Amino acid sequence: MSTAQRFVALDLGTARTRSLSWGGFAIVDRPSSVTRPPSGSGLADALWPVRHGMVADPDACLRLVRRLLQDAQVPGSRPRRVLAGVPVAASPSDRRAVRAAVAEAAGCEVGLMEEPLAAAVGAGLDILDARPCLVLDVGAGIVEAVAIADGAVTDAVALQLSATTGEGLVSYALEGVVEMTAGLVRRLPAASRPAARERGLTVTGGGAHQEQLLGHLRTALRLPVKAAPQPQHATIRGLMRLCLQPALTAALAPRVR
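Every chain is numbered on its own, with residues counted from 1 as its sequence reads. Only residues with pLDDT of at least 70 are given local features in this predicted model, and only at 80 or more are side-chain atom pairs given and counted; all residues enter the totals for whole chains, interfaces and linings. Computation of side-chain values covers all heavy atoms of the structure but excludes hydrogens and water.

Which parts of the structure should I look at to understand helix α4 (residues 171–187)?
Every α-helical turn comprises 3.6 residues, leaving residues that sit three or four positions apart pointing alike. Across its 17 residues, α4 extends 25 Å between first and last C-alpha, which sits within 8% of the 24 Å expected from 1.5 Å per residue. When α4 is considered as a whole, its buried residues turn out to be A173, L174, V177, V178, M180, T181, A182, G183, L184 and V185. Secondary structure elements are defined from DSSP: runs of H or I of at least 4 residues count as helices, runs of E of at least 2 residues count as strands, and each element is numbered from the N terminus. Under the convention used throughout, the expected extent of a helix is 1.5 Å for every residue step, that is, one less than its residue count. Only protein chains enter the calculation, and the probe is 1.4 Å; a residue is then buried if its accessible area is under 20% of its type maximum, exposed if over 50%, and partly exposed in between.

For this particular structure, what's the right way to read the nonpolar core?
Here is a general trend for soluble globular proteins: nonpolar side chains tend to be buried in one another's company. Counting residues in each nonpolar core, the largest one holds 28 residues, and the members touching the most others are L136, L169, L201, V203 and L217. Contributing elements (two or more residues each) for this core: β10 (133–138), β11 (142–149), α4, β15 (201–204) and α6 (211–221). Top element by residues in this core is α4. It accounts for eight residues. Nonpolar cores were defined as sets of buried Ala, Val, Leu, Ile, Met, Phe, Trp, Tyr and Cys residues, with membership established by side-chain atoms within 4.5 Å. In this structure, V8, L10, V34 and V50 belong to the second largest nonpolar core, which totals 25 residues.

Just to check I follow, could you spell out the sheet that holds strand β1 (residues 7–12) for this structure?
By definition, the strands of a sheet pair up through backbone hydrogen bonds, in either a parallel or an antiparallel sense. DSSP bridges decide pairing: two strands pair if at least two such bridges lie between them. Taken together, five strands build an open sheet; the order of strands is β3-β2-β1-β8-β9 and the sheet is mixed. The open sheet has two free edges, formed respectively by β3 (28–31) and β9 (109–114), since each of these has just one partner strand. Averaged over all neighbouring strand pairs, the angle between strand axes comes to 20 degrees, with direction disregarded. Across the sheet, helix α2 (residues 92–106) touches β1, β8 (81–86) and β9, and the angle it forms with β9 is around 145 degrees. Between two residues, a contact is recorded if the distance between any of their heavy atoms is within 4.5 Å. For helices, the axis comes from a line fit to the C-alpha atoms of the stretch in contact; other axes are also lines fit to C-alpha atoms, and the angle between any two N-to-C directions lies between 0 and 180 degrees. This element, helix α7 (residues 234–244), spans β1, β2 (16–21), β8 and β9 of the sheet and lies at about 150 degrees to β1.

Explanation requested: the side chain of R18 in the structure shown.
Mapped onto the elements of the fold, R18 is located in strand β2. Engagement of the side chain of R18 in a polar contact is seen with the backbone oxygen of Q232, the distance being 3.4 Å. R18 has contacts with A9, L10, D11, I27, V28, D29, Q232, H233 and I236, leaving out every residue within four places of it along the chain. Under the rule applied, a polar contact is a pair of N or O atoms within 3.5 Å (in protein, one hydrogen donor and one hydrogen acceptor; residues adjacent in sequence only if both atoms are side-chain atoms).

Help me out: how do you make sense of the pattern of salt bridges in this one?
Between side chains of opposite charge, pairing is possible as soon as their charged atoms come close. In what follows, salt bridge is the name for a side-chain nitrogen of Lys or Arg lying within 4 Å of a carboxyl oxygen of Asp or Glu. According to the stated counting rule, one finds nine salt bridges in the structure shown. Here R16 and D29 are joined by a salt bridge, their closest N and O atoms 2.9 Å apart. Of the two residues, R16 sits in strand β2 while D29 sits in strand β3, which places them 13 residues apart along the sequence. In this structure, R187 and D155 form a salt bridge, with 2.9 Å as the shortest nitrogen-oxygen distance. Of this pair, R187 sits in helix α4 while D155 sits in strand β12 (residues 152–160); the two residues are 32 residues apart in sequence, bridging distant segments of the chain.

Is there a simple way to think about the packing of helix α1 (residues 58–72) against α2 in this case?
The description of two helices packed together rests on the angle between their axes and the distance between the axes. For the pair α1 and α2, the least separation of the axes is 9 Å and the interaxial angle reads 50 degrees. Comparing their axes, α2 and α1 come out oblique. Crossing handedness for the pair α1 and α2: right-handed. On α2, the residues touching C61, L62, V65, R66 and L69 of α1 are A101, V102, E104, A105 and A106. The residue inventory of the contact of α1 with α2, partitioned by class, reads eight nonpolar, no polar and two charged. Here roughly perpendicular refers to angles of 65 to 115 degrees, roughly parallel to angles under 35, roughly antiparallel to angles over 145, and oblique to all remaining angles. By convention, the crossing between two helices is left-handed when the near helix turns anticlockwise from the far helix through less than a right angle, and right-handed when the turn is clockwise. Residue polarity follows a fixed list, in which Ala, Val, Leu, Ile, Met, Phe, Trp, Tyr, Cys and Pro are nonpolar, Asp, Glu, Lys and Arg are charged, and the others, Gly among them, are polar.

Below you can see the structure in the form of structure tokens.
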């Protein structure tokens, strides 16, 4: 088996987790839950170890990562490197928790990449362009709006969510996300605003399917707004592309930790 086939990408989300190995047949997309052993009542409880896109239960997260790696692996192989996504808002301790869980489960080198940056790569945006592009990554537990230029997140805002529905963001959260994104656009340096407005806003994550959100964003921002193709898989696609494109990864070296 070639070296390239031993890369694994992991997207640990609050509600859904995704994994993909080079050489695998498809993205594995599962609920972010593991089962606790039955209690005295004989009933097994579901644990959700990731909250707001960050590790809330380290032991349960370790079990979740082990299951993801088993799902992603090509039979007879072991990963040489795993690249996992983390929110831009993740603290150093949050990042250490992700790295520790993945490293213990995989037993190999682990890199971390900010999820909106990976989502931009997965959406096909030129993140090395000096002209800024805008990305809104809408997850079940955290929403992040970022400006990206020269291969780096130059500004970011985040909103942690307490609840979502099958239809997307609830009304109060939708309004908060629109205002948060509008604030990011207003903070852009005056010289870069025309280029950013020309490139528009790309929406990624499972919440990008919500037409009400897209419509509110277009009205409030007055710039082009589009959902990425298969937006719920933009981050995992971007993580794998970064594994397989050494030149791009080298350009992002300070961000791949």
